[in-house]
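A look at the structure
Here is how the chains run, residue by residue.
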Amino acid sequence: MKQSQSWQSTALLLMFVAFMSFACKKTPAPPPPPPPPPTANTGDTPAPALPAPTVTLRADTSTITRGAAITLTWESRNAATVDIQPGIGSVTPVGAGSRQVTPASSLTYEITAVGPGGRAGDTLRITVNDPPPPAATTSRGGDAVAPPAALNLTAQQIFDRDMKPINFDYDKSDIREDQKGKLQTATNYLKQNATVRLTIEGNADERGSEEYNLALGDRRANAVKQYLVSQGIAENRLSSVSYGEERPVCSAQTEDCFEQNRRAAFRINP
Amino acid sequence: MLLAPMGAAVLRGQQIDTGTTVGMKAVKIAVPEFRPSAADAKINHLAEVFNQTLWNDLDFSGNVVLASRSYYPLGNFVNPADIRPEDWTRTGVEAAYITYGSVAIPTSGQMRGAFTADLHFTELKSNRPALQPVRWGGGLDTDDAARFVAHNWASAILENLGFGKGVATTKIAYVSDRAGAKEVYIMDYDGYGPFPLTSLRDLSLTPAWSPDSEHIAYMGYRGSVTNIEIIPRRGGPSVPFPSPVGLNTTPAWSPDGKRIAFASNRDRHSSGDGPEIYVANSNGTNMIRLLPRPTSRGIDTSPVWNPATGRELAFVSDRSGTQQIYRINDDGTNLRRIIDDGGDAENPSWSPDGNFLAFAWKRSGNSRFDIYLHDLVTGRNSQLTRDTSDNEKPTWSPDGKHIAFESNRTGALQIFSMLADGNKPQQLTRSGINKAPAWSGYIK
């Protein structure tokens, strides 16, 4: 065949070589970190809390074997006096406290807080069982302040048992009443494991935009963080991060699944 | 450059004309298959890749019409002597131009072992070359090399016809979990040639291109710290913004490349309030809150700049109770709501000429998002997608003729593109979850 035109080779080959240098990572020296930016003013100040007293009484377990010790923990706010019966009496009315007890039989502890804003109370039922026959030992609850090894569970297993994810309503970041039990268990765990630092991971279900859900997850993580701080946990032990809708634990498009994904989960910091 | 005007957009029912071929007299091109120079399985395959890529580039450009191959004369069209103009202009074909030629892997010479194409583009009326015949090489003998040559040839043809460079050589950044963790990837605009850009092995989200298409800003996770990071598009180390606090997300470059807007609650993270819009230098210094005082404790996010003026931004806020799109001057003044027809409006993307916002809208009473166009001149909205899935995250091509978006219409989230009037939707990704597309500018 006749070649009627003269072909021109082009520089495209060179262009392509430059194009393919995607594959070879260049490593220019990163610029030195610039100085931190000026801090802008903070947001709104929260409204002052009402002075009505609140009080809670919890234990590391509600069932023990006779002879074993149990740790009661309590927490009060806005109280002038706090009293625990039977057998304990007045305790310091400020913040949180704990006491190890060895009840001989089942009983109900009652805590009463009185302050300028009124009176509040809480009760805690402890069941004391007879020691089991030697074959069936369950040492759980034996000594709550003992190191985790004594409970035959790994530290992670105890963390997983006590630090359950907190669930939220659709498009909400308020702490639901039905989630406060889990938060109390989490609080107790953090008080008994004072060296543990953790990250609270806020998550959202897939509805709504990715960007909105990142912000919503952040709100949820912060709501849990603030709750734990209000229960006396030091803020510097708690980090938070939002994963938005990026890390679902359940992928079906059902309300049940969405509910599982609307959560704040806990992770031990290494 | 003669970009078709988008300002003359006309609404026809629910259809919008943004200057694509809809309703316009389009240039018709014949594109017979480029012939492999040898009977060899490899070059046959590369010829197929080249032919398909070139056809798709021209077809999807929205600027030209391709003459149907069923009316072409029989034969091989490799050299000018093989072309009889009357065969290509007669009724049925009616082409104004033809591109044809051959492809090979030379066994000797400068381009030995590489995919090459001998390329012709001829105006049929005058029977003269509209572009000088040329031999281009792809450097390698791979599918990517064949596609690279085809993209550049399509681009040259469109530019020669006065349509600007077209999108054939542009790219799309996006988020994919195909290798496990969600990382930022880049692919060609047609979905081929994907490769991972970040390797945080944690989470990388919300990619955005610099106006020169040389860098990508994104939200990177390092443990419990989220920050805006910047990475060269050809790879290399990420450079984070200084002193991250709280949530830092959705970066967007100003059209002059000097500033980045993003959403952060850095000044009120401990109170649990939502993010606000910040503007910083593109290296993260001189961070200032766009609205000088907090006007809401809610969520402000997803800022985008008006690319035509660089003097105002659009963003999403739930300050009214639902998520809506607002616009504001870049000095923090003149805040006003754009979409005020109820539902949830999200993901604003400003058209390159500044006249349209593409956005995702879940209208009142609907449970799913669709892509809409808002005409900033007339204030009217028109619907571009309509199905039972969620269609979100629109992003404009640099020529303003295409929109890519994410959709779960095939199950998991995938990336699609379409003409800016909603026509010619095509799926670009298939492996894993792929989302948050960001269309590049013109790649230099």
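All values reported here derive from a predicted model rather than from experimental measurement.

The next thing to look at is the overall build of chain A. Looking only at helices and strands, chain A has 5 helices and 12 strands in total. Residues classed as buried in chain A amount to 30% of the 270 residues present.

Time to look at the overall build of chain B. Helix and strand counts for chain B stand at 3 helices and 32 strands. Taking 22 Å as the expected radius of gyration for a compact globule of 444 residues, we find that chain B reaches 23 Å, a close match to that expectation. Viewed in the frame of its principal axes, chain B has a C-alpha envelope of about 75 × 50 × 40 Å. Residues classed as buried in chain B amount to 53% of the 444 residues present. Sequence-distant contacts in chain B: of pairs separated by 6 or more residues, those separated by 24 or more amount to 47%.

Once that is clear, we can look at the domain arrangement of chain A. Residues and elements named next belong to chain A. The domains assigned to chain A are domain 1 (54–130) and domain 2 (160–268). A C-alpha centroid distance of 27 Å is found between domain 1 and domain 2. Taken together, the contact pairs 7 residues of domain 1 with 5 residues of domain 2. Listed by contribution, the elements that provide at least two residues to the side of domain 1 that touches domain 2 are β1 (54–59), β3 (70–77) and β6 (95–101). Counted by class, the side of domain 1 that touches domain 2 contains 1 nonpolar, 3 polar and 3 charged residues.

A separate point is the domain arrangement of chain B. The domains assigned to chain B are domain 1 (10–160) and domain 2 (171–439). Placing a centre on the C-alpha atoms of domain 1 of chain B and another on those of domain 2 of chain B gives a separation of 35 Å.

Now for the sheet that holds strand β24 (residues 344–350) of chain B. All names here are of chain B. The 4 strands are arranged β24-β25-β26-β27 in an open sheet whose pairing can be described as antiparallel. With partners counted over all chains shown, the strands left at the sheet margins are β24 and β27 (381–383), one partner each. Direction aside, neighbouring strands of the sheet carry axes that sit 30 degrees apart on average. Where β24 meets strand β25 (residues 356–362), 5 bridges bridge the pair, whose relative direction is antiparallel. Bridge pairing in β25 links Asp-344 to Lys-362.

Right, let's get into the sheet that holds β3 of chain A. All names here are of chain A. With antiparallel pairing, the 3 strands of this open sheet are ordered in space as β1-β3-β6. Looking along the sheet, the strands with just one partner apiece sit at the ends: β1 and β6. If you compare each strand with its neighbour and ignore which way they point, the axes differ by 15 degrees on average. As paired strands, β3 and β6 are joined by 7 bridges and run antiparallel to one another. Considered in β6, the bridge of Glu-75 is made with Ala-96. Sitting on the sheet, helix α3 (residues 180–192) touches β1, β3 and β6, and the angle it makes with β1 is about 70 degrees.

Now for the packing of helix α1 (residues 41–60) of chain B against helix α3 (residues 143–160) of chain B. Residues and elements named next belong to chain B. α3 packs onto α1 with a crossing angle of 35 degrees between their chain directions and a minimal axis gap of 8 Å. The way α1 lies across α3 gives a crossing that is right-handed. Touching Leu-46, Val-49, Phe-50, Thr-53, Leu-54, Asp-57 and Leu-58 of α1 are Asp-143, Ala-146, Arg-147, Val-149, Ala-150, His-151, Trp-153, Ala-154 and Ile-157, all from α3. When grouped by side-chain class, the residues that make up the contact of α1 with α3 number 11 nonpolar, 2 polar and 3 charged.

This brings us to the confidence of the model for chain A. All names here are of chain A. When pLDDT is averaged along chain A, the result is 76, and 72% of the positions lie at 70 or above. Highest mean pLDDT in chain A belongs to strand β9 (residues 166–167) (98); lowest belongs to helix α1 (residues 12–20) (40). Note that residues 1–49 has pLDDT below 50 and, in this model, 69 contacts with residues that lie over four places away or in other chains. The model gives residues 134–149 a pLDDT under 50, and that stretch makes 25 contacts with residues more than four places away or in other chains.

Here we come to the nonpolar core. In this structure, Phe-50 and Val-149 of chain B are the most contacted members of the largest nonpolar core, which totals 135 residues. Looking at this core, the element that brings in the most residues is α3 of chain B, giving 10 residues. Counting residues in hydrophobic clusters, the runner-up holds 14 residues, among them Val-55, Ala-59, Leu-72 and Ile-84 of chain A.

Take the confidence of the model for chain B next. All names here are of chain B. Here chain B averages 92 in pLDDT, while 94% of its residues score no lower than 70. Contacts for the low-pLDDT stretch residues 1–17, under 50 throughout, to residues beyond four places or in other chains number 33 contacts. Listed scores for the predicted complex are pTM 0.75 and ipTM 0.86.

The next point concerns the pairing of strand β9 (residues 171–176) of chain B. Residues and elements named next belong to chain B. Within β9, 6 of the 6 residues are buried, which leaves it mostly tucked inside the rest of the structure. Burial along β9 is two-sided: Lys-171, Ala-173 and Val-175 and Ile-172, Tyr-174 and Ser-176, pointing in opposite directions, are all buried. Both β9 and strand β10 (residues 183–188) contribute to a ladder of 6 bridges, which runs antiparallel. Of the residues in β10, the one forming a bridge with Val-175 is Val-184. In this structure, the hairpin formed by β9 and β10 is closed by a connection of 6 residues, where Gly-180 is found at a positive phi of approximately 115 degrees. In this structure, β9 lies alongside strand β32 (residues 434–439), joined through 4 bridges in antiparallel fashion. Counted as the bridge partner of Ile-172 is Trp-439 from β32.

Before going further, it helps to spend a moment on the environment of Tyr-326 of chain B. Residues and elements named next belong to chain B. With respect to the helices and strands, Tyr-326 occurs in strand β22 (residues 324–329). The buried category is assigned to Tyr-326, around which 21 C-beta atoms lie within 10 Å. Separated by 11 residues in sequence, Tyr-326 and Phe-315 place their C-alpha atoms 5.5 Å apart. Those residues within four positions of Tyr-326 in sequence are excluded, and the remaining contacts are Ala-314, Phe-315, Ser-317, Leu-335, Arg-336, Arg-337 and Ile-338.

For residues besides glycine, phi is generally negative; the peptide bonds are generally trans as well. For the bond from Gln-85 of chain A to Pro-86 of chain A, the omega torsion is 0 degrees, close enough to zero to count as cis. Of note, Pro-86 of chain A is situated in the loop between β4 (81–85) and β5 (89–91). Despite not being glycine, Ser-243 of chain B shows a phi value in the positive range, around 50 degrees. Structurally, Ser-243 of chain B can be placed in the loop between β15 (239–240) and β16 (248–253). Located in the positive-phi region is Asn-347 of chain B, a residue other than glycine, with phi close to 55 degrees. Considering the arrangement of structural elements, one finds Asn-347 of chain B in strand β24. Asn-347 of chain B gets classed as buried once you count the C-beta atoms within 10 Å, which come to 29.

So, about the pairing of strand β12 (residues 263–268) of chain A. Residues and elements named next belong to chain A. As paired elements, β9 and β12 share 2 bridges and run antiparallel to each other. In the sheet register, Asn-167 faces β12, and the bridge partner there is Arg-263. Bridge analysis of strand β10 (residues 198–203) against β12 gives 5 bridges, and the strand direction is antiparallel. Across the sheet, residue Thr-199 finds its bridge partner in β12, namely Arg-267.

Cut-off values and rules
Residues numbered from 1 in each chain as written. Chains lettered and ligands numbered in written order. Predicted model: local features only at pLDDT ≥ 70, side-chain atom pairs only at ≥ 80, totals over all residues. Helix = DSSP H or I, 4+ residues; strand = E, 2+ residues; numbered from the N terminus. Buried ≥ 20, exposed ≤ 12 C-beta atoms within 10 Å, placed from the backbone. Rg over C-alpha atoms; globule rule 2.2 N^0.38 Å. Contact = placed C-beta atoms within 7 Å. Domains from an automatic or database assignment. Nonpolar A, V, L, I, M, F, W, Y, C, P; charged D, E, K, R; others polar. Pairing = 2+ DSSP bridges. Axes fitted to C-alpha atoms, helices over the stretch in contact; angles between N-to-C directions. Left-handed = near helix turned anticlockwise from the far one by under 90°. pLDDT = per-residue confidence, 0-100. Core = buried A, V, L, I, M, F, W, Y, C linked by C-beta atoms within 7 Å.

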